[in-house]
Amino acid sequence: MSTPISLTPQPEATLAVNDPAHRWIAVCMGTGCSSSASTEVGAALREELVKNGLENGVEVRRTGCFGFCEQGPITVVYPDETFYTQVKPQNASKIVQEHVVGGQPVERLLYKDPASAVLVEKWHEIGFYGKQQRILLGNCGVIDPENIGHYLAKDGYQALRKCLLELTPEEIIDEMISSNLRGRGGGGFPAGMKWKLARQTQSWPKYVICNADEGDPGAFMDRSVLEGDPHSVIEGMIIAAYAIGADRGYIYCRAEYPLAIERLKIALAQARQLGLLGENILGSGFNCDLEVKEGAGAFVCGEETALMASIMGERGQPWPRPPYPAVAGVWGQPSNVNNVKSYAYTPRIMRNGADWFRSIGTEKSPGTAVFALTGQVQRTGLIEVPMGITVREIIEDIGGGVALGKRFKAVQTGGPLGGCLPEQYLDTPVDFDSLRAVGAVMGSGGMIVADETTCMVEFARYFMKFVVDESCGKCPPCRIGSLRMLEILDRITEGEGTLEDLDELHRLAEGMQRGSLCGLGQLAPSPVLSVLRFFEDEFRAHIIDKACPAHKCKALITFDIVAELCTGCMVCGRNCGSNAITGEKRGVHVIDPDLCERCGMCAEVCKFDAVRIVSPR
Amino acid sequence: MPVSLTINNRSCSAPDGATILDAARLAGIEIPTLCHHPDLSNVGACRMCVVSVQGARALQTACTTPVRDGMVVDTMSADAVATRKFVLEMLLTDHPNDCMGCEVAGDCELQDLVYDHGVQWPEHSGQRHDWPIDPDPNPFIFIDRNKCILCSRCIRACGEIQNRDVWSFAQRGFATKLVAGADEMLLDARCESCGQCVAYCPVGALTDKMSRGKGRTTQVETVRTTCSYCGVGCNFDLNIRGGQIVRVTSAQDAPVNGMALCVKGRYGYDYVHNPERLTRPLVRAKWLTGVEEKVNSNQWTVISQAEKRTATHRSTNGASATALITDNRSLITDDTFIQTDWDTALDVVAGKFAAEKMAHGGDAFAVLASAKCTNEENFLFAKLTRQLLSTNSIDHCARL
Ligand SMILES: Cc1cc2nc3c(=O)[nH]c(=O)nc-3n(C[C@H](O)[C@H](O)[C@H](O)COP(=O)(O)O)c2cc1C
Ligand code: SF4
Ligand code: SF4
Ligand code: SF4
Ligand code: FES
């Protein structure tokens, strides 16, 4: 056997990444922060350091996502761990002069807690991070994703070395089974079991495939992992390949993720250069190479069989299972499909052991969960929490509660294939089985909070519209059934629904669930069913009273000016696009309901809250 | 090794690698299908063949699920039957209510299944497709996308049997549309008009253009025949109504070709009823004796060149076949064609062959045989050429 290639990183990299006294500034260059000019922030900081003769003493480092994207661009000054939000290039001189040189944090750029109005200095002290446990995202915001040396300094590729040189494929699979890592793409199927099936199939070649299609609206968990820590995914894939006996693989990545694709390609090239990909990896005799495939831009291409069809250049449509991919997948050969996060956990599990992994989270759902928290909460962003945390803790402690002092109404998990939970279910623990038991699902990690101003009928309609647009059209229950459901929901939001429509929704939902070919059609009725279950009164209000309790459905509301509150300031009239408002200066104004387009502009501009929305009309 | 399983409480066995559908059919148990066709790959799209399998999380499609030893299948479970009805109902909500006027009524898999399952016509106010009917100018294939159930049988037939890959689906969801090439006209999309797609379409979405309105399958008599165009010897059924061929349908049990035919076999039958078709031999008057007498006794007929030209002109305008024939004896010249009988014509040919051979020997001949002949006929041709005409100069039109 040839001498194993050294995995010892350059001493500078080790020092930069692991020395607590190292002076450096992290500048987030994930998609969120880059789109608000973090690249320019980085350049400005470098320039400022040069001006102060500090370019050799302080490192400015591009990092992956911190998750708190709504406050971006994010910049953290080390070793103090001072967390700056909404940093602009022109703030660079203050940060360098006041903080780096003067040792005083720039108060104006610190995060102010909206509830207590207190300025928070260190990033782990921000409420958003308080209950988080960053394992998968551990390297995000810390290492430079384009520098393999940084990954190596964080023990990167040590798991691969151990697997290839010390363990048999069976031992790896046993360890993975014992860790009970459940697939993070939504289904929660134990990864180790899947690998075992693929290993058992006697046919070559075999493939490892990473599902990085991430099509849920608003989700960006996988993107952040790929952008911030691409090597962890690659290392996980090589380990999986060795375990199942594959020597090649694909990373199927959404084409809408250009930065993730670029970082992946850089990482693959670096790994190849170090002999971590290609032939005779680390002198073990094991060969494996991976390539990036860009997605075809359809939600259904995240479904594993459609994904493989797409890799083969076919139309992205699912095919029926069995045979499962582990038996006959891409090009008819055994293939192991896992989500980005499932692969990214793998090196951590193989390095630290199954017991370590099982010590996090719950017994049946060990590990952490990564969510994209969005909607009407104070703090939105990407979060990583231990399984078993309650939905309430996520919304209230991490998200800071519902925004603008509004009342909470529902939280949707699992995106368009998931379900919603009302207030009384907020103490449900977040894990695969508990969420499923109450009609929501873990999904791949979207979490949308809706407040009292959300119309739940419209909420359900929105997801059904998404499905109608994204159904691949292969099977009639989904292709036609989803449209029939949407037509009913449309009718109800327009005040033309009947009570029979509710039964019809149930009947169509059942037909889709039972008859559809793939998970898309089978799960698509879930959001509607969960709204019907928890918010049937809203449906009935739309149907019987022709009223939208949340005052959102345009066909069911009317705008009215309260005479006692109207000061006759004329602002509403000037802003109304349809000239529906009349009234003299200092006289009471009136809206003509026939001309009113119900755009809501008057209510928005009235400083005296004199415009009232009435439903029913 | 055969696999044993239980279907509807009956023990059955099926070869390894068989699907539940194969096993059921072997056991004489019927499972409804739409997108499945035994000649084509299985895609599991239509969901008609769903069955309950003990231990499975959800219904399985019989056409795609391989059998396992000990498998317990119920093809008529309440869930399976309800799902089939739901699928049919959904398909009908996007189908024109046109069985009355439809070309394939009585020969439509959808119509039969709707009947078998007692599904009512679903009235609704929602969206239904309204594609233009017969938008493609090709002469053979009539397209009505409103009737298409997106089963993809045409796509697979064209790709897997004809290897032309003309058809595919564009768009997705409810907007999914069957398109030729990049949504072009068939003849611009590599179509060679073989009509395989029409033959495999289970509904009235693709039909034979020339046959429309001329007779449904229930109204015609069929005659199995062998194609006269080439030596392959494809079999098919002539569909006859009122003594006229109105359509050609291919048949799965045709020994040589199964369902496959080429454009000539499937659509090239119009010559049969063409007024210009030669049914008896024509010989120039100068090679014959006793022309006057035979014509006068109506055994032979005179075909004048001038008349023939105008008759051709007229017959393309719908004039009758008899217009070809004239009894204007004054027009007979040496070169006038006389419609004779086969014996006379063959005697003339044989006599001339013999005379040429006497005068110049076998090298005076060269023979070109035809691809329309069978192997046996071509063998006889070779014999005739080499043994009677005494030359080896024989070739075949298919040698390009
Ligand atoms: C409509 C649909 C969309 C899906 N989209 C994704 C996706 O974007 N990413 C993903 O990892 N899994 C997605 N899945 C799940 C995959 O089919 C598959 O189960 C998963 O990639 C397996 O990986 P895991 O075991 O690591 O979770 C989707 C499933 C369905 C039915
Ligand atoms: S369920 Fe929907 S997305 Fe899935 S195969 Fe059927 S039509 Fe396509
Ligand atoms: S006629 Fe033949 S070649 Fe043309 S589309 Fe149909 S199957 Fe394909
Ligand atoms: S045209 Fe006929 S065969 Fe082709 S997809 Fe439509 S229904 Fe099926
Ligand atoms: S016949 Fe099996 S799914 Fe269509």
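Residues numbered from 1 in each chain as written. Chains lettered and ligands numbered in written order. Predicted model: local features only at pLDDT ≥ 70, side-chain atom pairs only at ≥ 80, totals over all residues. Heavy atoms only, no water.

Draft legend 1. How the structure looks around the overall build of chain A. In terms of regular secondary structure, chain A is built from 25 helices and 19 strands. Radius of gyration (C-alpha) of chain A: 27 Å, near the 25 Å computed for a compact globule of 617 residues. Dimensions along the principal axes, computed over C-alpha positions, put chain A at roughly 90 × 65 × 40 Å. The 617 residues of chain A split such that 59% are buried. (Helix = DSSP H or I, 4+ residues; strand = E, 2+ residues; numbered from the N terminus. Rg over C-alpha atoms; globule rule 2.2 N^0.38 Å. Buried < 20%, exposed > 50% of the residue type's maximum accessible area, 1.4 Å probe, protein only.)

Draft legend 2. Seen up close, the overall build of chain B. Per the secondary structure count, chain B includes 10 helices and 17 strands. Relative to the globule expectation of 21 Å for 400 residues, the C-alpha radius of gyration of chain B, 29 Å, shows a markedly less compact shape. Taking the principal axes of the C-alpha coordinates as reference, chain B spans close to 90 × 55 × 40 Å. Counting all 400 residues of chain B, 46% fall into the buried class. Sequence separation of at least 24 residues holds for 61% of the intrachain contacts in chain B that already meet a minimum separation of 6. Per element, the accessible surface of chain B, about 20,700 Å² overall, is 52% carbon and sulfur. Placing the 40 positive and 46 negative side-chain charges of chain B at their respective mean positions leaves the two points 2 Å apart. (Contact = heavy atoms within 4.5 Å. Areas by Shrake-Rupley, 256 points an atom, 1.4 Å probe, with all protein chains shown as cover. Lys, Arg positive; Asp, Glu negative; His and termini not counted. Charge placed at Lys NZ, Arg CZ, Asp CG, Glu CD.)

Draft legend 3. Seen up close, the packing of aromatic side chains. Residues and elements named next belong to chain A. For the structure on display, the rule yields 22 aromatic pairs over all chains. Arranged with centres 4.1 Å apart and planes meeting at 5°, the rings of W24 and Y78 form a pair that is stacked. Here W24 is found in strand β1 (residues 24-28), whereas its partner Y78 is found in strand β3 (residues 75-78), with 54 residues between them in sequence. The exposure class of W24 is buried, given its relative accessible area of 6%. What links up through ring pairs into an aromatic cluster is the set F66, F68, F83, Y111, W123, F128 and Y129. Here R223 stacks its cationic end above the ring of Y257, 5.8 Å away from the centre of that ring. Above the face of the Y257 ring, R254 is positioned so that its terminal group lies 5.4 Å from the ring centre. (Phe/Tyr/Trp six-rings, centres within 6.5 Å; stacked < 30°, edge-to-face > 60°. Lys NZ or Arg CZ within 6 Å of the ring centre and 35° of its normal.)

Draft legend 4. Structural detail: the packing of helix α18 (residues 456-470) of chain A against helix α22 (residues 526-534) of chain A. Residues and elements named next belong to chain A. Packing of α18 against α22 leaves a shortest axis separation of 8 Å and a crossing angle of 165°. Taken together, α18 and α22 sit at an angle that is classed as roughly antiparallel. Between α18 and α22 lies a crossing of left-handed hand. On α22, the residues touching M456, F459, A460, F463 and M464 of α18 are P527, V528 and V531. Residue classes in the contact of α18 with α22 are distributed as eight nonpolar, no polar and no charged. (Axes fitted to C-alpha atoms, helices over the stretch in contact; angles between N-to-C directions. Parallel < 35°, antiparallel > 145°, perpendicular 65-115°, else oblique. Left-handed = near helix turned anticlockwise from the far one by under 90°. Nonpolar A, V, L, I, M, F, W, Y, C, P; charged D, E, K, R; others polar.)

Draft legend 5. Focus on the site of ligand 2. Of all residues adjacent to ligand 2, which total 13 residues, the nearest are C472(A), C475(A), C478(A), C518(A) and G521(A). Per-class residue counts for the shell around ligand 2 are eight nonpolar, four polar and one charged. (Near = heavy atom within 4 Å.)

Draft legend 6. Looking closely at the domain arrangement of chain A. All names here are of chain A. Splitting chain A by domain gives domain 1 (11-130), domain 2 (148-357), domain 3 (368-451), domain 4 (456-545) and domain 5 (557-614). A straight line from the C-alpha centre of domain 1 to that of domain 2 covers 33 Å. At the junction of the two partners, domain 1 supplies 16 residues and domain 2 supplies 11 residues. Taken together, the two surfaces of domain 1 and domain 2 that pack against each other cover about 910 Å², and 59% of this comes from carbon and sulfur. Applying the counting rule to domain 1 against domain 2 returns zero salt bridges. Here domain 1 is connected to domain 2 by three residue pairs in polar contact (both at pLDDT 80 or more). Of all elements in the fold, only α1 (11-18), α2 (31-35) and β2 (59-63) reach the threshold of two or more residues within the side of domain 1 that touches domain 2. Taken together, the residues that form the side of domain 1 that touches domain 2 break down as six nonpolar, seven polar and three charged. (Domains from an automatic or database assignment. Buried area = accessible area lost by both parts, 1.4 Å probe. Salt bridge = Lys/Arg side-chain N within 4 Å of Asp/Glu carboxyl O. Polar contact = N/O pair within 3.5 Å; in protein donor to acceptor, adjacent residues only side chain to side chain.)

Draft legend 7. Seen up close, the interface of chain A and chain B. Listed per partner, the contact involves 32 residues of chain A and 35 residues of chain B. The contact between chain A and chain B buries some 2,500 Å² in all, and 54% of this surface belongs to carbon and sulfur atoms. Where chain A touches chain B, the interface holds three salt bridges. Between E89(B) and R507(A) there is a salt bridge, and its shortest N-O distance comes to 2.8 Å.

Draft legend 8. A look at the site of ligand 1. Residues and elements named next belong to chain A. The immediate surroundings of ligand 1 are formed by 19 residues, with G185, K194, N338, N339 and S342 found nearest. One of the backbone nitrogen or oxygen atoms of R184 is found 3.3 Å away from an oxygen atom of ligand 1. At a separation of 3.0 Å, an oxygen atom of ligand 1 approaches a polar backbone atom of E214. Expressed as a share of its isolated accessible area of 610 Å², the protein-covered part of ligand 1 is 89%. Broken down by element, the residue count for the shell around ligand 1 peaks at three residues, all from strand β10 (residues 335-339). Residues belonging to the shell around ligand 1 are distributed by class as follows: four nonpolar, nine polar and six charged.

Draft legend 9. Structural context of the environment of T6(B). Residues and elements named next belong to chain B. One can find T6 in strand β1 (residues 3-7). C-alpha separation for the pair T6 and G70, spaced 64 residues apart in sequence, amounts to 7.0 Å. Setting aside residues no more than four positions away along its own chain, T6 makes contact with S11, M71, V72 and V73.

Draft legend 10. Structural view of the nonpolar core. Judged by nonpolar contacts, the single largest core of 145 residues is most densely connected at L505(A), L110(B) and W167(B). A total of nine residues in this core trace back to one element, the largest contributor, which is α18(A). Discounting residues that sit within four places of it in the chain, L505(A) has contacts with M485(A), I488(A), L489(A), I492(A), V528(A), L532(A) and F539(A). Of all hydrophobic cores here, the second largest spans 72 residues; its members include Y157(A), M176(A), I238(A) and M350(A). (Core = buried A, V, L, I, M, F, W, Y, C linked by side-chain atoms within 4.5 Å.)

Draft legend 11. Layout of helix α4 (residues 153-161) of chain B. Residues and elements named next belong to chain B. Here α4 lies mainly inside the structure; seven of its nine residues are buried. For α4, the full list of buried residues reads R153, C154, I155, R156, A157, C158 and G159. Looking at the buried positions of α4, the neighbouring elements they touch are α3 (109-117), β7 (167-170), β8 (177-180), α5 (196-200) and β9 (206-208). Following α4 by one or two positions, N163 adopts a phi angle in the positive range, close to 55°.

Draft legend 12. Summary view of the side chain of T305(A). Checked against the element boundaries, T305(A) lands in helix α13 (residues 304-311). Take T305(A): its relative accessible area is 0%, and that puts it in the buried class.

Draft legend 13. Broad picture of the sheet that holds strand β15 (residues 337-339) of chain B. Residues and elements named next belong to chain B. Spatially, the three strands line up as an open sheet ordered β13-β15-β14, and their pairing is antiparallel. Sheet topology places β13 (282-284) and β14 (301-303) at the edges, where each strand pairs with a single neighbour. The mean inter-strand angle of the sheet, taken between neighbouring strand axes irrespective of direction, is 35°. In this structure, β14 lies alongside β15, joined through three bridges in antiparallel fashion. Bridge pairing in β15 links V302 to I338. (Pairing = 2+ DSSP bridges.)

Draft legend 14. Quick peek at the environment of V367(B). Here V367(B) shows up in strand β16 (residues 367-369). Taking the C-alpha atoms as reference, V367(B) lies 6.2 Å from S393(B); in sequence the two are 26 residues apart.

Draft legend 15. Main features of the pattern of salt bridges. All names here are of chain A. Enumeration according to the criterion identifies 46 salt bridges over all chains in this entry. Put simply, K131 and D397 hold a salt bridge, and the shortest N to O gap is 2.6 Å. Taken as a pair, K131 in the loop between α5 (127-130) and α6 (148-153) and D397 in helix α16 (residues 391-398) lie far apart in primary sequence, 266 residues in all. We classify D397 as partly exposed; its relative accessible area is 32%. Ionic pairing is found between E538 and K409, a salt bridge with its closest N-O pair at 2.7 Å. Linking E538 in helix α23 (residues 536-543) with K409 in strand β13 (residues 408-413), this pair joins segments that are 129 residues apart in sequence. Per residue, the accessibility class of E538 equals that of K409, and both read buried. Residues joined in a network through salt bridges with shared partners are R62, D144, E146 and R263.

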